[in-house]
Amino acid sequence: MLISPHDESVLTDGVNDAASGSTMRRTGRFMLQFALMLAILVGSYVVMTMVIAARPERVPSPITPTIYAVAAQDVVIEDHRPDILAYGDVVAQRTVDLRAQVTGEIIEVNPQLRAGQRIEQGDFLARIDPFAYEGQLTEARASLAQAQAVLSEIDARIAAERDQQESAELQLEIAESDLLRAQSLSDRGAGTQQQLDERRLVVSQRNQAVSQSRNALIVEEARRNQQQAEIERQEWLVRQAERALSNTTLTAPFAGVISEAIAEPGRIAGSADIIASIYDDQLLEARFTLTDAQYGRISSDGEPLIGRVIEASWVVGTETYRYEGTIDRLGATVASDRGGVEVFARLAPGDHAVQLRPGAFVALSVPDRLYAETIELPESAVYDPGHAYVVEEGVLQRREVTVLAYQGDTVLLRGDLQPGERVLTTRLTEADDGLAVRIAGEEAEAVPAAEAVEPAGERSGGRRPGGRGAMRAFGG
């Protein structure tokens, strides 16, 4: 089909009109969307302006400093006597090894003769066969009786000799009187020379008899002295035999606890054999060592070391038992291997069922020297190098102090501190002059609205003064 030029022109104009109408519609929609968006923005601005205008005006808050809640302790100046913590062992003051005094077979033993059993003074322990010793005693007594009989015989002869001497002396006196009469008669010429010589011969004979009697008496008295010595020897043999017989029975010399027992029936006991070992459980001592520094410090105190009351602690399982004691002596020499002076303290028996035993390891609390007019504070209150802080009007003030002694978690010190002042005891790494703090449980003094925080030193595990541990012996 052929299209004429006129028809082609008409068709082209229709197409152009349709394209122009589509463009106008798109432009209209765009203008409508733009107007709508602009209306929303304007409305939002108006609403926001109204809201802002209706909100009350904000006032800036003031900046408040951080205040630490801390603990403090009042300063009290008084005399202090700290304790030295020492360690030692328990020893028996009196112990004995019971040995057989005679040789023989053990024929009887006390059933209670066992290690750990307690016995009383005089209790029977063991018996050795006494047969041989009974025979020795019988023989000794017989020899003594024989010697005493011989002495009686000598005494009888001495008595006879004394009677004979008295008779001879009497006859001598008579003969001498007769001689004097014969001499008187001869001088007057009434007597002969022969009679006088006869009287002189009689006097000489009587004098010789007296002399012989005296010599015989001296001999008998010498024999008596010899026999008396023999009797004394025999008496000693009797006592020796009696002692040997009594030694066949072994008894406890004092009350105590048996630490060892080896006696058995049928065993032959010799003089060197130990039958049992006993210690006195009422005379126990704590043996410990004071360092040279501790001993020197106590020695400079006004009160002596001897006589000081101590306390011993013995840990048995989960229980701790305490015993009082008194220092009664020092070691004879310096214990160089332990680096100090050895000390012995007598322990009193406890009032509980568990009693001490030799060899027990104990902790001892020993009174140290007296520190007059000192202050006791927790160790955390002291800062290196030797200063502390007091809380005054809500802030810290630094004070110089001198540490005299450490004991556990506390220290004894002197310094620029006055009674009644409050010393900081909480460990603060930020501690310094002027730091704001408040004592826990009390209102802050400087800034009422201050914010209390946990001390940084507590959170970070603040350093202890001097790096010392919390538990150690005083003055070690």
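Residues numbered from 1 in each chain as written. Predicted model: local features only at pLDDT ≥ 70, side-chain atom pairs only at ≥ 80, totals over all residues. Heavy atoms only, no water.

(A) Just the packing of aromatic side chains, in detail. A full pass over the atoms with the stated rule returns two aromatic pairs. Seen from their ring centres, Y383 and Y389 are 5.3 Å apart, and the 80 degrees between their planes marks the pair as edge-to-face. There is no split in this pair, since Y383 and Y389 are both buried. Sitting over the ring of F254, R94 keeps its end group 4.1 Å from the ring centre. (Phe/Tyr/Trp six-rings, centres within 6.5 Å; stacked < 30°, edge-to-face > 60°. Buried < 20%, exposed > 50% of the residue type's maximum accessible area, 1.4 Å probe, protein only. Lys NZ or Arg CZ within 6 Å of the ring centre and 35° of its normal.)

(B) Layout of the side chain of R427. Of note, R427 is situated in the loop between β22 (422-424) and β23 (437-439). Put simply, R427 is tucked away with no salt bridge, and the nearest opposite charge, on D384, sits 5.7 Å away. Polar side-chain contacts of R427 include one of 3.0 Å to the backbone oxygen of S380. In this structure the side chain of R427 is engaged in a polar contact, spanning 2.7 Å, whose partner is the backbone oxygen of V382. (Helix = DSSP H or I, 4+ residues; strand = E, 2+ residues; numbered from the N terminus. Lys, Arg positive; Asp, Glu negative; His and termini not counted. Salt bridge = Lys/Arg side-chain N within 4 Å of Asp/Glu carboxyl O. Polar contact = N/O pair within 3.5 Å; in protein donor to acceptor, adjacent residues only side chain to side chain.)

(C) Spotlight on the sheet that holds strand β5 (residues 95-99). Ordered by their spatial adjacency, four strands build an open sheet running β5-β12-β10-β7, and the pairing between neighbours is antiparallel. A single partner strand is all that each edge strand has here, and the edge strands are β5 and β7 (118-119). (Pairing = 2+ DSSP bridges.)

(D) Structural detail: the sheet that holds strand β16 (residues 340-347). With respect to topology, six strands assemble into a closed barrel ordered β4-β13-β16-β15-β14-β17, the strand pairing being antiparallel. The mean inter-strand angle of the sheet, taken between neighbouring strand axes irrespective of direction, is 40 degrees. Pairing between strand β15 (residues 319-335) and β16: seven bridges, direction antiparallel. Residue pairing for β16: I327 is matched across the bridge by A345. Lying on the sheet, helix α4 (residues 292-299) is in contact with β4 (83-92), β13 (284-291), β15, β16 and β17 (361-367); it crosses β13 at an angle near 100 degrees. (Axes fitted to C-alpha atoms, helices over the stretch in contact; angles between N-to-C directions. Contact = heavy atoms within 4.5 Å.)

(E) Spatial organisation of the pattern of salt bridges. Under the criterion given, the structure shown has 20 salt bridges. E285 is paired through a salt bridge with R329; the nearest N and O atoms lie 2.7 Å apart. Linking E285 in strand β13 with R329 in strand β15, this pair joins segments that are 44 residues apart in sequence. Relative accessible area serves as the criterion here: at 1%, E285 is assigned to the buried category. Of the charged contacts, one joins R399 and E392 as a salt bridge, the two residues approaching to 2.8 Å between their closest N and O atoms.

(F) Up close: α4. The set of residues buried in α4 consists of Q294, R297 and I298. Looking straight down α4, one finds its buried side chains confined to an arc of 95 degrees; they lie on one side. Check the buried side of α4 and you find it contacts β4, β13, β17 and β18 (371-378). (Arc of directions from axis to C-beta.)

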